Structures are given as C-alpha cells and as structure tokens.
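An overview of the molecular structure
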Amino acid sequence: MSGTSVDMDRLVPEKNSLTLGFVALLDSAPLVVAREQGFFAEQGLEVRLQRENSWASVRDKVAYGLLDGAQMIAPMPLASSLGLGAPPVAMETALVMSRNGNAITLATALADAAGIEPDAQGPDPLLNGRLLRAHLTGLERPLKLATVYPYSCHHYQLRYWLNVSGIAPRQVEFIGAPPRQMVDLLKSGQIDGCCVGEPWNSLAEVRGVGRIVATGHQVWRNMMEKVFGVTRQWAAEYPHTYRAVLLALMKACHWLESHQHSDLLYQWLSLPPYLDLEIEPLKNRGLFSEQLEQRFSGADSNFPWRSQGAWLLGQMREAGQWQGPLDHPVLDQVFNTALYREVAAALGLNAPVADYRIEGRDGAESALSGTRGGMVPNENGFIDGLCFGLRHF
Amino acid sequence: MGNEGLSVMLVDDETERAAMVEQELQAQGYTVVCRLTTTAALRHHVERVQPDIVIIDMDSPDRDTLEHMSVVNQQNPRPIVFFADKDDNPDNIRAAIKAGVSAYIVDGLKPNRVKPILDVAIARFEEFQSLRSELLQTRTELDDRKVIEKAKGMLMKHQGCDEEQAFRTLRKLAMDRSQKLVDVARSVIKVLEVL
C-alpha cells in the first residue's frame, strides 16, 4: 500500500513467479515488451502472460486471484470497486499503460451512402457526425453500433460522439461484440459500425469493409485507455512485487517511446500468444496508425489522474450505469497516485503533484507543478470544448 | 423436485462437455433451453428465450456480449459471478472459475436455486477436463513428437545448424515464453513456412 515505506532500490519480491492477463490488442505492448525485452527479469520476476478472451474474464480472474494483475480498460478498476456489473471487489491502478488508440469505424457502404469520404489527413469527426445524422433521417431502422464492453472508453466515446453529432441514443441499437469479430460483423452487414481498439479499425480499413470516421483521440484527447490493475488485497500482500512490476512496466512504456515503430516490436507482437499472424496485413502500412495517436509514454501519459476517473464516473452516469456522486471517495482508492510518484521518483522521472485537475483545459493554462519542477502535460481537451472539474479544487 | 420451472441456457464451444452438462441437468428436472455452440446468434437467443440462467464457458469471448446485454437491457440475465452472496465462500467461487464455469442469472433469482445448477456445471467441467487431459496425453505424445521433429528439421535447414543446436533453440524459446515445446515448434513452423 502507498502508506508503507519501501526501499525502491532494494526490492525483495515476496512472490516472483507471476501470471498477468492481457487482451490481444496493440496496446498490450507494454506487457509484451516488459517480458520480451527482459524488464521483468531485471526485477527478478518470472512473468507468464496469459491471453484472455474477454474483459469479463480479466476482471473475474484478477478478482479471485487466478491472475496476479492484468491489462485493464481504464474504467474497470473503478467499476469493480463500485460493484457495477459484478459483485464489488476493491481494485486499484497506479499506472496508465496507454492513451488513445480507439476509433469509430463505419461500414464502408454506410459511409459511402452518407457521403463520408476517406481523408488522407485523417477523419473530420464533426463533419462526419453531421453527415451521418443527415443520412439517418432517411433510414427506417436504428443504427446498429457495436462496442466491446459496457464499462469501457470505447462505449463512452461512441456515445459522446453520437451526442455531439446530434444523434439520439434511441436512434441507435448498442451491441456488444468481441473485438476480433468486428471486421467480420462489418463485412456481413450485421453491424453498421463499431468503436474498438487497434488493430481492428485499421484491419477493417485494409480489408475495405470499414472507414474510420472519428478517432478516440479526437473525441477525448489523451484520455487514459488501458491501465495496469490489481486488487487492493494483492497490492497490500505483495508490496515489493507490485513495485517491481510497476518499475518494469514503466521502463517498457519508456522503451516504447523510441521503439513503437520498430521491426522488433512487430516481431514480438506477431508471436503467438500475442497478436499472432492477425497483424500481418498491417506489416507494410505500419502497426500504429499516426491518426490514432496511440501513446505509451511521455509527459503525464502514465499518471493515473483522479480527475479522469471522475470524468469516467460522469460518463457512467450519462450511460445510466451509475447514479452516485462524481466526487466519490472511491476515486482516491482506485487511482493510486502516490505509488505512481514513488515509482517515477525511483526512475528519476517527473510526476504531477496534484491528483485532480481541470480536464479539457489546454495550452498555457494547463502547465503543471511536478515533483521535479514544472511540467507541460499532454494536450488535453474534449471534442465539444467542455471543461470538467470537481468543486473541491 | 420443482426444478422444471427453471430454464438454463448453455453456451459452450466444447460440444461434448455441453452435452454432459445438459444430460445431467435434464436428469435433475431442469429445462435446458438451448445448447449454443456459436455466438453470432447468442443475442437473439437470449432475447427470444429469456432464460433464467446462462451457463457459459469462462473463456468464451461472448461473455462481454452477455454483460453488455444485461447492462443495456435490464430484462436480460443480470451478470453475477456465481452465487456470489456475502456469506458465500470465496474458495467455492475460485473453484468454479478454475473449472472454467461462469454464470449469469436473471435478477431476483434466489442463490439457493442457482447453486445446484452451478454445482452440476462445475462437476461436469472438471470431469471433462480430467478426461481430456488423459486423452491428450496419450494422443498427443505421438503427434507432438512429429511436430517437434518437423520444426527441428526446418530450423536446421534455415539456420544451417545441427540437430542438437536446433533442439536447444526450441527449448530456449519455450523457456523464454513459458510455452510448451510443441507450441513453440508450431509457431516456428508457421514463421519459417512464410519465409
């Protein structure tokens, strides 16, 4: 726990053989790198990465100790701690592993019919939203749009973009589907579109069955996407192991800053059990589409902002999943900012001093105090220009 | 036994295992409404049939689809992880997860009505698991050897090394990735075949 004092230079992992869960998405890269590049081994950890087929099984296996920890969608530790969708199990995260990387993709035929054209400069999300809305008035059935999981940034970003585009939830049928099925569902016409992580949007484009009409980054700039999640009980039981894992993952994120487009990363990710041969069609185009702004490191990228947790609570409320207050004390337990700072300090990295900030504010106004002096955070902002803050700061 | 009032939906890719669970549940007087082995139709079936309880393979990618349905439409089965009452022993839950069973029940269904169904599923999943590992062991020992020999041959050719070295390479890969030798051999074959 963050309260216990631990000498970061002399970590003696209480447990050094670990099983960590991941879902086969490009943003599982930090875990893959930490293992293949030897960052886990450097910390004296022997880590087995176990591929999971659903977010529900990630949650349950972490909750009941079949996994030590896992890559999680950012709202998961929060939803688990609040008992949304499953019995409550207190979870936390001290590390954001990635930001951005989602996109909203429409079936090519629908995009064509709505007059949404491919744009080499990247999609224009507001224009595309208006075009889709106009097209919907002539359509007699609701739009079928799929996301992977109800408590996910994908689901909330899709709803947000629809809302900004003036498309009401009643005009849409929201469907749940596994990411690797999205391309086939688009192709067979069973869905009209989806909001999903990579590589599935790019694969839909490469195969000609889908067109990216908005990126997650355009909807919410640099929002937390995947986090490293554990139960609070595990965190308390294995404080040294926990820190060792975080150090290794942070090094992996840092490594990715300069190697995101390397052949080596491609080779690792194309190994079974990671993404396997699935990513082959992206080999020439590059794994990470520039447009999607997938980010693993730099500035405040890895910092688990509690204010972003509050933002996610707000999105849960919008979606009818949460009825409580947004300044709920659970935020302070779920987003372990103190532990992040501890790990950052051990690596000589600057970290924000505050736990909360105004979300959506950009430019000079957004400069932060860091533990090692001032810092310029990632670009911040919502597609509709909204600023979001809780009363108490 | 009064069990015939409850309808159970089974979602499992392992047809043999699903049949074992179905048989036993029917013997105990439950109605098994359908035994889905794929997933495309899952949504429609849940909506049409409105089962009281869905038993689904823990590792099925369709679990997220079910969770989505239960959040979006309150009439669908609500996700609970087993009979996760406060009084329940977490060790029981862990055993169920280990066996690979997960379940979704309709809101308001009493845990004491669900537990016997889950017990059947857990028992059959475990039985299937041990049957299969016995079978696998005898059957795959031979097959595995063939795959490993093939990978070794390809490595020898590709890297111009001797048999001993090729085997060491495979073993090192297996240890590095905590994978079984035969799995590594298969991926090596896949990679080298493309080159």
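Residues numbered from 1 in each chain as written. Chains lettered and ligands numbered in written order. Predicted model: local features only at pLDDT ≥ 70, side-chain atom pairs only at ≥ 80, totals over all residues. Heavy atoms only, no water.

In the nomenclature of an unreviewed UniProt entry, chain B corresponds to Two-component system response regulator from the organism Marinobacterium zhoushanense.

Per an unreviewed UniProt entry, chain A goes by the name Nitrate transporter and belongs to Marinobacterium zhoushanense. Its UniProt record gives chain A the following Subcellular location (unreviewed entry) comment, quoted word for word: "Endomembrane system". (UniProt positions renumbered as here; feature names shortened; annotations may be inferred.)

**Quick notes on helix 3 (residues 63-72) of chain B**
Given 3.6 residues to a turn, an α-helix orients residues that are three or four positions apart in the same direction. Here helix 3 of chain B lies mainly inside the structure; nine of its 10 residues are buried. Those residues of helix 3 of chain B that sit buried are Arg63, Asp64, Thr65, Leu66, Glu67, His68, Met69, Ser70 and Val71 of chain B. (Buried < 20%, exposed > 50% of the residue type's maximum accessible area, 1.4 Å probe, protein only. Helix = DSSP H or I, 4+ residues; strand = E, 2+ residues; numbered from the N terminus.)

**A few points about the pairing of strand 5 (residues 101-105) of chain B**
Residue and element names in this part refer to chain B. Taken across its five residues, strand 5 has five buried, putting it largely inside the fold. Because side chains alternate across strand 5, one face comprises the buried residues Val101, Ala103 and Ile105, and the other comprises Ser102 and Tyr104, equally buried. With five bridges connecting them, strand 3 (residues 53-57) and strand 5 associate as antiparallel partners. When the sheet's bridge partners are listed, Ile53 is paired in strand 5 with Ile105. (Pairing = 2+ DSSP bridges.)

**Overview of helix 1 (residues 29-36) of chain A**
Residues and elements named next belong to chain A. Most of helix 1 is tucked away: seven of the eight residues are buried. Every buried residue of helix 1 is accounted for by Ala29, Pro30, Leu31, Val32, Val33, Ala34 and Arg35. Taken from the residues just after helix 1, Gly38 is the one with a positive phi, measuring 90°.

**Brief notes about the domain arrangement of chain A**
Residue and element names in this part refer to chain A. Each domain of chain A was delimited in the assignment, giving domain 1 (8-100 + 223-260 + 296-351) and domain 2 (102-221). On a C-alpha basis, the centroid separation for the pair domain 1 and domain 2 is 28 Å. Approximately 1,900 Å² of surface area, both sides summed, lies buried where domain 1 meets domain 2, with 60% of it carried by carbon and sulfur atoms. Area buried by domain 1 at its contact with domain 2 is led by Asn100, Met223 and Gln321, which between them contribute 23% of it. Counting every contact that joins domain 1 to domain 2 gives seven residue pairs in polar contact (both at pLDDT 80 or more). (Domains from an automatic or database assignment. Buried area = accessible area lost by both parts, 1.4 Å probe. Polar contact = N/O pair within 3.5 Å; in protein donor to acceptor, adjacent residues only side chain to side chain.)

**What about the UniProt feature "modified residue: 4-aspartylphosphate" (unreviewed entry) in chain B?**
Here, UniProt's "modified residue: 4-aspartylphosphate" (unreviewed entry) annotation points to Asp57 of chain B. As for its placement among the helices and strands, Asp57 of chain B is situated in strand 3.

**A few points about the pattern of salt bridges**
For side chains of opposite charge, pairing can occur when their charged atoms come near one another. On inspection of all chains with the given rule, the structure shows 34 salt bridges over all chains. Here Glu173 of chain A makes a salt bridge to Arg43 of chain B, at a shortest N to O gap of 3.5 Å. Taken together, the positions of Glu173 of chain A in strand 7 (residues 172-176) and Arg43 of chain B in helix 2 (residues 42-49) put the pair across two chains. Using a relative accessible area of 27% as the deciding quantity, one classes Glu173 of chain A as partly exposed. Between Lys226 of chain A and Glu225 of chain A there is a salt bridge, and its shortest N-O distance comes to 2.9 Å. Like Glu225 of chain A, Lys226 of chain A is buried. (Salt bridge = Lys/Arg side-chain N within 4 Å of Asp/Glu carboxyl O.)

**Focus on the sheet that holds strand 7 of chain A**
Residues and elements named next belong to chain A. Strand order in the open sheet formed by five strands is 7-6-8-5-9, with mixed pairing between adjacent strands. Edge positions in the open sheet fall to strand 7 and strand 9 (210-215), since each of these has one partner strand only. Each strand axis lies, on average, 25° off the axis of its neighbour in the sheet, ignoring direction. When strand 6 (residues 143-147) meets strand 7, the two strands line up parallel, connected through five bridges. Residue pairing for strand 7: Ala146 is matched across the bridge by Ile175. (Axes fitted to C-alpha atoms, helices over the stretch in contact; angles between N-to-C directions.)

**Thoughts on the nonpolar core**
Ranked by size, the top nonpolar core spans 144 residues in total, and within it Phe40, Leu78 and Trp220 of chain A carry the most contacts. Examining the composition of this core, we find that 11 residues originate from one element, helix 12 (residues 239-259) of chain A, more than from any other. Other than its neighbours up to four places away in sequence, Phe40 of chain A contacts Leu20, Leu31, Ala34, Arg35, Leu45, Val47, Val245, Ala248 and Leu249 of chain A. If you look at the next biggest cluster of nonpolar residues, it comprises 22 residues, including Ile55, Ala99, Leu109 and Phe125 of chain B. (Core = buried A, V, L, I, M, F, W, Y, C linked by side-chain atoms within 4.5 Å. Contact = heavy atoms within 4.5 Å.)

**Observations regarding the sheet that holds strand 3 (residues 69-73) of chain A**
Residues and elements named next belong to chain A. Spatially, the five strands line up as an open sheet ordered 2-1-3-11-4, and their pairing is mixed. This sheet does not close on itself; its edge strands, each paired only once, are strand 2 (46-51) and strand 4 (91-99). The average angle at which neighbouring strand axes cross in this sheet is 25°, direction not considered. Sheet analysis places strand 4 next to strand 11 (residues 224-231), joined by seven bridges and oriented antiparallel. Bridging from a neighbouring strand, Thr93 pairs with Gly229 of strand 11. Here helix 1 sits on the sheet in contact with strand 1 (17-22), strand 2, strand 3 and strand 4, set at roughly 145° to strand 2.

**Considering the packing of helix 6 (residues 163-177) of chain B against helix 7 (residues 181-194) of chain B**
Residue and element names in this part refer to chain B. At a minimum axis distance of 9 Å, the contact between helix 6 and helix 7 shows a crossing angle of 110°. Comparing the axis directions of helix 6 and helix 7 gives the class roughly perpendicular. For the pair helix 6 and helix 7, the sense of crossing is right-handed. Residue-level contacts link Phe167, Leu170, Arg171, Leu173, Ala174 and Arg177 of helix 6 to Leu181, Val184, Ala185, Ser187 and Val188 of helix 7. (Parallel < 35°, antiparallel > 145°, perpendicular 65-115°, else oblique. Left-handed = near helix turned anticlockwise from the far one by under 90°.)

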